[in-house]
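# A closer look at the structure
In case you want the letters, here they are:
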Amino acid sequence: MNLTNLCFHGIGEPERYLEPGEARYWVSRDAYESILDLVVGRPEVRISFDDGNRSDIAIGLPGLLERGLTATFFVLAGRFGKPGSLGRDDVAHLRAAGMGIGTHGMDHISWRGLTPSGVRRELMEARAQIASAAGTVVEEAALPRGQYDRTTLRHLRALGYRAVHTSDRTHAAPGAWLQPRFSVTATDDAASVSTLLIPQPLTKRVERRAAGLVKRLR
Ligand SMILES: [Zn+2]
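Thresholds, definitions, all that
- Residues numbered from 1 in each chain as written.
- Predicted model: local features only at pLDDT ≥ 70, side-chain atom pairs only at ≥ 80, totals over all residues.
- Heavy atoms only, no water.
- Helix = DSSP H or I, 4+ residues; strand = E, 2+ residues; numbered from the N terminus.
- Contact = heavy atoms within 4.5 Å.
- Polar contact = N/O pair within 3.5 Å; in protein donor to acceptor, adjacent residues only side chain to side chain.
- Buried < 20%, exposed > 50% of the residue type's maximum accessible area, 1.4 Å probe, protein only.
- Pairing = 2+ DSSP bridges.
- Right-handed = clockwise from strand over helix to strand, strands pointing away.
- Donors = N, O, S within 2.8 Å, 3.2 Å for Na, K, Ca; no water.
- Core = buried A, V, L, I, M, F, W, Y, C linked by side-chain atoms within 4.5 Å.
- Expected span 1.5 Å × (residues − 1).
- Bend = angle between axes of the 7 residues up to and from the residue.

Moving on, we get to the environment of Trp-111. Locating Trp-111 in the fold gives a position in the loop between β6 (100-103) and α4 (116-134). Sequence-wise, Trp-111 and Gln-129 are 18 residues apart; in three dimensions their C-alpha atoms are separated by 18 Å. In this structure, Trp-111 is in contact with Thr-103, His-104, Gly-105, Glu-122, Leu-123, Ala-141, Ala-142, Leu-143, Pro-144, Gln-147, Thr-152 and Leu-156, ignoring residues within four places of it in sequence. Within the structure, the side chain of Trp-111 is placed 2.9 Å from the side chain of Glu-122, a separation counted as a polar contact.

Moving on, we come to the pairing of strand β4 (residues 45-50). Each regular strand carries side chains that alternate between the two faces of the sheet. With five of its six residues buried, β4 lies for the most part within the structure. Here strand β1 (residues 4-8) pairs with β4 via five bridges, running parallel. Its bridge partner being in β4, Asn-5 is matched across the sheet by Arg-46. As defined by bridge partners, β4 adjoins strand β5 (residues 72-75) across three bridges and the pair is classed as parallel. Opposite Ser-48, over in β5, you have Thr-72 as the bridge partner. For the segment spanning β4, helix α2 (residues 55-66) and β5, crossover handedness is right-handed.

On to the coordination of the zinc ion. Coordination of the zinc ion by the protein is provided by Asp-51 (OD), His-104 (NE2) and His-108 (NE2), with metal-donor distances spanning 2.0 to 2.1 Å. Spacing between the donor residues of the zinc ion along the chain follows D-x52-H-x3-H. One end of the pair, Asp-51, is in the loop between β4 and α2; the other, His-104, is in the loop between β6 and α4, with 53 residues separating them in the sequence. Classification of Asp-51 by relative accessible area gives buried; the value is 3%. Overall, His-104 belongs to the buried group, its relative accessible area being 1%.

Leu-6, Tyr-32, Ile-47, Phe-49, Leu-64 and Phe-73 are the most contacted members of the largest nonpolar core, which has 38 residues in total. Sorting the residues of this core by element identifies β1, α1 (29-39), β4, α2, β5, α3 (88-96) and α4 as the ones contributing at least two each. Counting residues per element, this core draws most heavily on α4, which supplies five residues. Excluding residues within four positions of it along the chain, Phe-49 makes contact with Phe-8, Ile-11, Tyr-32, Asp-56, Gly-60, Leu-64, Ala-71, Thr-72, Phe-73 and Phe-74. Residues Ala-141, Leu-143, Leu-156 and Val-164 belong to the second largest nonpolar core, which totals eleven residues.

This part takes up the pairing of β6. Direction of pairing for β5 relative to β6: parallel, over a ladder of four bridges. If you follow Phe-74 over to β6, its bridge partner there is Gly-102. Tracing the backbone out of β5, into α3 and back to the parallel element β6 gives a crossover that is right-handed.

This paragraph deals with α4. For α4, built from 19 residues, the straight-helix expectation of 27 Å at 1.5 Å per residue is met to within 8% by its first-to-last C-alpha distance of 26 Å. Of all bends in α4, the biggest is about 30 degrees, found at Glu-125. Within the sequence span of α4, burial applies to Gly-118, Val-119, Glu-122, Leu-123, Ala-126, Arg-127, Ile-130, Ala-131, Ala-133 and Ala-134. Here the buried face of α4 lies against β5, α3, β6 and α5 (150-158). At the exit of α4 stands Gly-135, carrying a positive phi of roughly 70 degrees.

Pasting the structure below:
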């Protein structure tokens with residue numbers, strides 16, 4: 001069964017200045033929670049977070065834990081400890097809570113056309129710093145701004161990354177090295193995201209509806 005990879009960026013109110021065009025990737029807490037409700041009981045939907053915003057741990061993590069969900073957090077080493085961003089302790093905390101930790105690089109620059117020193121900083125040093133914060137190896141990367149070319153991918157392969165996550169808005173094959181994702185945007189809600197999910201057999205839908213009913217009655 002193909003996968004639907006959903007990618008969140010920020011949730012709620014940003015606590016730092018946003019980059020131009022970034023606001024459209026911030027979602028409300030209500031939208032986030034209603035989208036998570038949709039994902040419960042659907043193992044073919046995978047969740048990730050990019051950019052290492054504070055909201056990952058303030059809103060993202062509690063929402064996942066309440067629903068028994070997990071996600072992978074692609075964090076930025078260059079923002080560790082900056083206002084509005086995760087600190088190294090937060091990354092360790094996410095890991096201890098059973099979440100995956102990946103790299104989104106150092107400075108949130110495109111990985112297209114990196115110089116040799118850019119490759120070292122973005123693909124090697126950032127990875128090492130994130131691994132040290134998380135206390136685990138980092139084997140997955142998410143491409144900043146979703147940008148890449150053949151050279152980017154060649155570097156990532158040579159460095160032994162086990163999976164690379166894009167923002168190409170299509171479904172993914174399980175186990176594929178390149179994992180396209182759908183970024184959730186400010187105008188999304190459970191209804192718009194449900195159109196991205198691959199239809200499931202009826203029995204599963206009924207079970208899921210029953211599970212939702214139990215939750216509402218609690
Ligand atoms: Zn990003």
